[in-house]
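Summary of the model geometry
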Amino acid sequence: MDTDPVKLWNLIHSRGSKIRLVSTDHYKLKQVISKVAPELIAINKVNGELHKNKMKLSKAISSGTIGTDKSSYKRLN
């Protein structure tokens, strides 16, 4: 983490990566990255929001609630 934090960040946040850090170490890495390359944190946040919204939409489609009053997604006619 001390030698090349950006490389470690990219390895952790790449698709299909099996590399994990405990929460305290991830927090420390995030603090270092916020000083070195803050755009990486912004990109990661956007990708996380996209993933969360895709999962929410997929759940609404599979459960059949899309377009009903229970859904936060409405059908366009």
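Residues numbered from 1 in each chain as written. Predicted model: local features only at pLDDT ≥ 70, side-chain atom pairs only at ≥ 80, totals over all residues. Heavy atoms only, no water.

Where helix H2 (residues 23-36) meets helix H3 (residues 38-63), the closest approach of the two axes is 5 Å, and the angle between their N-to-C directions is 120 degrees. For the pair H2 and H3, the contacting residues are Lys 30, Ile 33, Ser 34 and Val 36 in the first and Pro 38, Leu 40 and Ile 41 in the second. Of the residues contributing to the contact of H2 with H3, the split by class is 5 nonpolar, 1 polar and 1 charged. (Axes fitted to C-alpha atoms, helices over the stretch in contact; angles between N-to-C directions. Helix = DSSP H or I, 4+ residues; strand = E, 2+ residues; numbered from the N terminus. Contact = heavy atoms within 4.5 Å. Nonpolar A, V, L, I, M, F, W, Y, C, P; charged D, E, K, R; others polar.)

If you check which residues of helix H1 (residues 5-12) are buried, you get Pro 5, Leu 8, Trp 9 and Ile 12. Along the long axis of H1, the arc covered by the buried residues comes to 100 degrees, so they all point the same way. Considering only its buried residues, H1 is in contact with H2 and H3. (Buried < 20%, exposed > 50% of the residue type's maximum accessible area, 1.4 Å probe, protein only. Arc of directions from axis to C-beta.)

Below, the discussion takes up H3. In this model, H3 (26 residues) spans 38 Å end to end at C-alpha, consistent with the 38 Å of a helix rising 1.5 Å per residue. Where H3 is buried, its residues contact H1 and H2. Residue Gly 64 follows H3 closely and has a positive phi angle near 80 degrees. (Expected span 1.5 Å × (residues − 1).)

Below, the discussion takes up the environment of Tyr 73. Along the chain, Tyr 73 falls in the segment after H3. Of the residues examined, Tyr 73 reaches a relative accessible area of 23% and is grouped as partly exposed. Linking Tyr 73 and Lys 56, residues 17 residues apart in sequence, is a C-alpha distance of 9.6 Å. Among all residues touching Tyr 73, those that are not within four sequence positions of it are Asn 53, Lys 56, Leu 57, Ala 60, Ile 66 and Gly 67.

Here the focus is the confidence of the model for the chain. Where the model shows low pLDDT, its predicted coordinates should not be examined in detail. Across the chain, pLDDT averages 89, with 95% of residues at or above 70. Within the chain, the element-level pLDDT minimum falls on H3, averaging 92, and the maximum on H2, averaging 95. (pLDDT = per-residue confidence, 0-100.)

A word on the packing of H1 against H3. At a minimum axis distance of 11 Å, the contact between H1 and H3 shows a crossing angle of 10 degrees. The angle between H1 and H3 places the two elements in the roughly parallel class. Judged by residue contacts, Val 6, Trp 9 and Asn 10 of H1 engage Leu 40, Ile 41 and Asn 44 from H3. Grouping the amino acids of the contact of H1 with H3 by side-chain chemistry returns 4 nonpolar, 2 polar and no charged. (Parallel < 35°, antiparallel > 145°, perpendicular 65-115°, else oblique.)

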